[in-house]
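The chain contents come next:
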Amino acid sequence: MEIVHYPHPALRWKSKPILEIGSELRSTVAKMFELMYEAKGIGLAANQVALPWRFFIINVTGEANPEEEFVFINPEIKSRKGSVEGEEGCLSLPETFGQVRRAEEIVVEAFDLKGHGFEMELEELPGRVVQHETDHLDGVIFPDRMTEMALKEIEADLADFEDVFRRKQKRGEIPSDDDLKKTLRDLELSM
Ligand code: ZN
């Protein structure tokens, strides 16, 4: 398992709801936390490790500590209030940052790893991270939410990521988009 970078097609995939919470999912989540900490992130969606399933993990402290770890399975943002701009980054676009406008306060519903439903009212950093990660599950990345003017500042970064990715595909280090999409579809069917 590894964190995939833009423009990997998994980042544009609309995730399928999780039907069963079992040992396989628990071990996937544990691996994802390891990867997230290694990469110094505070949130990681399944798409970002090329899995087409609807869940993400967060720990806004960024430091390994089970008490700060949250798994959101089949999350749904039930309500949004207010609007606030803030800087975001993404482990699938390393070293790239941009201003993104998000709801100031959200109510989110999800299931945890024990299969228990929960509801959280979130604002500030946790609210932003949950909105960013929920977007991933819908195939949306933070540049999609930036103003055209702000986007201009990171256009060159995005083009670089695109170049690197396509060159790796040409060298056979990364499968073609069609093959990557086929793998995602096969994973969906294996659920
Ligand atoms: Zn992200």
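Structural data are supplied above this passage.
All residue numbers refer to position in the chain's written sequence, counted from 1. Only residues with pLDDT of at least 70 are given local features in this predicted model, and only at 80 or more are side-chain atom pairs given and counted; all residues enter the totals for whole chains, interfaces and linings. Side-chain metrics rest on all non-hydrogen atoms present in the structure, leaving aside hydrogens and water.

A. Focus on the coordination of the zinc ion. Here the zinc ion is held by Cys 90 (SG), His 132 (NE2) and His 136 (NE2), and the distances to it run 2.0 to 2.3 Å. Sites may look incomplete because water is not among the atoms; the donors themselves are N, O and S atoms within 2.8 Å of the metal, or within 3.2 Å for Na, K and Ca. Each donor residue of the zinc ion belongs to the same chain, and together they define the spacing C-x41-H-x3-H. One end of the pair, His 132, and the other, His 136, are both in helix α2 (residues 124–137), four residues apart, so they sit about a helical turn from each other. Exposure categories follow from relative accessible area, calculated using a 1.4 Å probe and restricted to protein chains: below 20% of the type maximum is buried, above 50% is exposed, and the middle band is partly exposed. We classify His 132 as buried; its relative accessible area is 7%. On the basis of relative accessible area, His 136 is assigned to the buried category, the value being 1%. Note on conventions: DSSP H or I runs of at least 4 residues are helices, E runs of at least 2 residues are strands, and numbering of each starts at the N terminus.

B. Region of interest: the pattern of salt bridges. The term salt bridge refers to a side-chain nitrogen of Lys or Arg lying within 4 Å of a carboxyl oxygen of Asp or Glu. Per the counting criterion, the structure on display carries 15 salt bridges. Among the salt bridges present, the one from Lys 78 reaches Glu 109, with a minimum N-O distance of 4.0 Å. You can see Lys 78 sitting in strand β3 (residues 70–81) and its partner Glu 109 sitting in strand β6 (residues 105–111), a full 31 residues away along the chain. On the accessibility criterion, Lys 78 (45% relative accessible area) is partly exposed. Between Glu 88 and Arg 102 there is a salt bridge whose closest N-O contact spans 2.8 Å. In this pair, Glu 88 is assigned in strand β4 (residues 84–88) and Arg 102 in strand β5 (residues 98–102), connecting sequence segments 14 residues apart.

C. Main features of the packing of aromatic side chains. Geometry of aromatic contacts follows a simple scheme: Phe, Tyr and Trp rings, the Trp one being its six-membered ring, pair when their centres are within 6.5 Å, and the pair is stacked under 30 degrees between planes, edge-to-face over 60, tilted otherwise. Summed over all chains, the structure comprises three aromatic pairs. Judged by centre distance (4.8 Å) and plane angle (15 degrees), the ring pair of Phe 56 and Phe 72 falls under stacked. With Phe 56 in strand β2 (residues 55–58) and Phe 72 in strand β3, this pair connects stretches of sequence that are 16 residues apart. The exposure class assigned to Phe 56 is buried, which follows from its relative accessible area of 0%. Taking relative accessible area as the criterion, Phe 72 reaches 0% and is therefore assigned buried. Seen from their ring centres, Phe 72 and Phe 118 are 5.3 Å apart, and the 70 degrees between their planes marks the pair as edge-to-face. You can see Phe 72 sitting in strand β3 and its partner Phe 118 sitting in strand β7 (residues 117–123), a full 46 residues away along the chain.

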